[in-house]
Amino acid sequence: MKKTAHARTVRRYLWITVGSVIYAVGFDWLYAPNDIGFGGITSLGQILNHYIPALPIGMVVLVANIPLFLLGWRLLGRGLLISSLYAMAATSLLVDLFAWRFTFPPMDPMLAAVVGGAVTGLSLGVILGQGATTGGTDLIARLLKLPFAWLPVGRLLLAVDLIMIALVALAFRSVDSALYGIIALYISTIAIDGVIYGMDASKVAYIISSQPRQVAAAIDQQLDRGVTFLHGEGGGSGQDKLVLLCAFKQRQIVSLKQLVHEIDPGAFLIVCNAHEVLGEGFRRYRKNDI
């Protein structure tokens with residue numbers, strides 16, 4: 001049991017490290033040389049580095065995060081904060097290391113904004129998905145998830161980061177920096193939510209059939225998915241009806257439609273997106289879910 005837990009912890013920190021490397025490369029390659037506002041505490045680093053070039057951006061981020069981590073230690077608990085401290089230190093040091101070791105030339109700012117948003121969103125999604133943050137607005141978003149648990153973490157990041165991007169634009173005296181930063185930020189939030197929630201892509205089907213029990217049995221036997229019967233009433237006929245409720249994986253949608261059609265060609269089928277499905281056959285609930 002201890003070996004399994006140890007292996008899980010090692011794997012978790014390996015993923016955080018991979019995310020930190022991608023984050024640092026994305027920032028140094030796509031944001032910094034093109035003066036694109038990044039958002040969050042990193043924006044503070046960009047602003048101070050703009051006025052005092054001797055101040056490394058990563059080091060500014062590292063120091064500025066200390067008050068947030070002191071707050072987070074009390075609210076989020078020891079486990080999350082240790083992994084977040086590691087992620088924050090890794091991203092900050094790697095940003096400065098890559099900036100010192102490599103020189104990235106400017107490129108078309110729109111291309112940098114689009115690709116930069118996707119790259120940083122991917123990296124933050126990996127880090128957040130492992131139960132850590134890089135500090136700054138990531139940590140603020142984590143704290144906001146406590147009272148606003150129903151809001152996607154990417155949207156929370158978007159709201160907080162917009163303010164910081166505006167400050168970068170004022171420091172650089174460039175509206176373009178803010179506009180490109182907003183484009184990158186929007187793409188980043190989509191990528192974050194895609195990485196965190198998209199891996200668990202599931203659907204929910206409502207099936208109204210004249211042969212509900214046969215359909216339910218076939219779904220159980222052929223797709224290995226449970227079915228719940230809801231009691232309904234036909235609006236026109238007034239007849240009692242059994243409505244089948246079934247959660248299933250995205251990859252099973254074709255099989256489900258074929259199965260229902262073969263048993264009852266006249267069945268009424270509604271398929272909806274499911275944001276998250278927890279329970280047997282799907283993902284288990286974890287305390288630090290976001």
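For the structure given in this document, a descriptive report is provided here. Keep in mind the model is a prediction, meaning the values are calculated, not measured.

1. Some points on the overall build of the chain
Link 1 in the chain: When helices and strands are counted, the chain shows 11 helices and four strands.
Link 2 in the chain: Of all 290 residues assigned to the chain, the portion counted as buried reaches 44%.
Link 3 in the chain: For the chain, the share of sequence-separated contacts (at least 6 apart) that also reach a separation of at least 24 residues comes to 73%.
Link 4 in the chain: Looking at the chain as shown, the accessible area adds up to about 15,600 Å², and 64% of this sits on carbon and sulfur atoms.

2. A short note on the packing of aromatic side chains
Link 1 in the chain: Taken as a whole and judged by the stated rule, the model has seven aromatic pairs.
Link 2 in the chain: Arranged with centres 5.6 Å apart and planes meeting at 80 degrees, the rings of Tyr 23 and Phe 38 form a pair that is edge-to-face. With Tyr 23 in helix H1 (residues 2-31) and Phe 38 in the loop between H1 and helix H2 (40-51), this residue pair connects regions lying 15 residues apart in the sequence.
Link 3 in the chain: Overall, the relative accessible area of 6% leaves Tyr 23 in the buried class.
Link 4 in the chain: When the centroid spacing of 6.2 Å and the interplanar angle of 15 degrees are considered together, the rings of Phe 27 and Tyr 31 count as stacked.

3. Description of the environment of Thr 17
Link 1 in the chain: Note on placement: Thr 17 falls in helix H1.
Link 2 in the chain: Between the alpha carbons of Thr 17 and Thr 91 there is a distance of 8.4 Å; along the sequence they are 74 residues apart.

4. Some details on the nonpolar core
Within soluble globular proteins, side chains that are nonpolar generally end up buried alongside one another.
Link 1 in the chain: Among the nonpolar cores identified, the biggest contains 22 residues, and Phe 27 and Tyr 31 are the most heavily contacted of them.
Link 2 in the chain: Apart from residues lying up to four places away in sequence, Phe 27 is in contact with Ala 32, Pro 33, Phe 38, Thr 42, Gln 46, Ile 57 and Val 95.

5. Quick word on the pairing of strand E2 (residues 228-233)
Link 1 in the chain: Pairing analysis gives six bridges linking E2 to strand E3 (residues 240-249), with the strands arranged antiparallel. Counted as the bridge partner of Thr 228 is Leu 245 from E3.

6. Description of the side chain of Ser 123
Link 1 in the chain: One can find Ser 123 in helix H6 (residues 109-129).
Link 2 in the chain: The residues contacting Ser 123, other than those within four sequence positions of it, are Gly 19, Ile 22 and Tyr 23.

7. Quick notes on the sheet that holds E2
The strands making up a sheet are joined through hydrogen bonds of the backbone, oriented either antiparallel or parallel.
Link 1 in the chain: If you trace the four strands from one edge of the open sheet to the other, you get E2-E3-E1-E4, paired in antiparallel fashion. Sheet topology places E2 and strand E4 (268-274) at the edges, where each strand pairs with a single neighbour. In this sheet, adjacent strand axes meet at a mean angle of 25 degrees when their direction is disregarded.
Link 2 in the chain: Taken strand by strand, helix H10 (residues 212-223) contacts strand E1 (202-208), E2 and E3, and its axis lies near 15 degrees from that of E3.

8. Topic: a nonpolar patch on the surface
Link 1 in the chain: There is a patch of nonpolar side chains on the surface, built from Leu 44, Leu 48, Tyr 51, Ile 52 and Leu 55 and spanning about 410 Å² of accessible area.
Link 2 in the chain: Along the chain, Leu 44 turns up in helix H2.
Link 3 in the chain: We classify Leu 44 as partly exposed; its relative accessible area is 31%.

9. Details of unusual backbone geometry
Link 1 in the chain: The phi angle at Asp 35 is positive, at roughly 50 degrees, despite the residue not being glycine.
Link 2 in the chain: One can find Asp 35 in the loop between H1 and H2.
Link 3 in the chain: For Asp 35, a relative accessible area of 42% puts it in the partly exposed group.

10. Section: the side chain of Ser 92
Link 1 in the chain: If you trace the backbone, Ser 92 turns up in helix H5 (residues 78-101).
Link 2 in the chain: A relative accessible area of 3% means that Ser 92 is categorised as buried.

11. Quick notes on the packing of H10 against helix H11 (residues 253-263)
Link 1 in the chain: The geometry of H10 relative to H11 is characterised by a closest axis approach of 10 Å and an angle of 140 degrees between their N-to-C directions. Along this stretch, H10 crosses H11, giving a crossing that reads as right-handed. Mapping the contact onto sequence places Gln 214, Val 215, Ala 218, Ile 219, Gln 222 and Leu 223 in H10 and Ser 255, Leu 256, Leu 259, Val 260 and Ile 263 in H11.
Link 2 in the chain: Grouping the amino acids of the contact of H10 with H11 by side-chain chemistry returns eight nonpolar, three polar and no charged.

What counts and how
Residues numbered from 1 in each chain as written. Predicted model: local features only at pLDDT ≥ 70, side-chain atom pairs only at ≥ 80, totals over all residues. Heavy atoms only, no water. Helix = DSSP H or I, 4+ residues; strand = E, 2+ residues; numbered from the N terminus. Buried < 20%, exposed > 50% of the residue type's maximum accessible area, 1.4 Å probe, protein only. Contact = heavy atoms within 4.5 Å. Areas by Shrake-Rupley, 256 points an atom, 1.4 Å probe, with all protein chains shown as cover. Phe/Tyr/Trp six-rings, centres within 6.5 Å; stacked < 30°, edge-to-face > 60°. Core = buried A, V, L, I, M, F, W, Y, C linked by side-chain atoms within 4.5 Å. Pairing = 2+ DSSP bridges. Axes fitted to C-alpha atoms, helices over the stretch in contact; angles between N-to-C directions. Patch = residues over 30% accessible without salt bridge, like charges linked within 9 Å, V, L, I, M, F, W, Y side chains within 5 Å. Salt bridge = Lys/Arg side-chain N within 4 Å of Asp/Glu carboxyl O. Left-handed = near helix turned anticlockwise from the far one by under 90°. Nonpolar A, V, L, I, M, F, W, Y, C, P; charged D, E, K, R; others polar.

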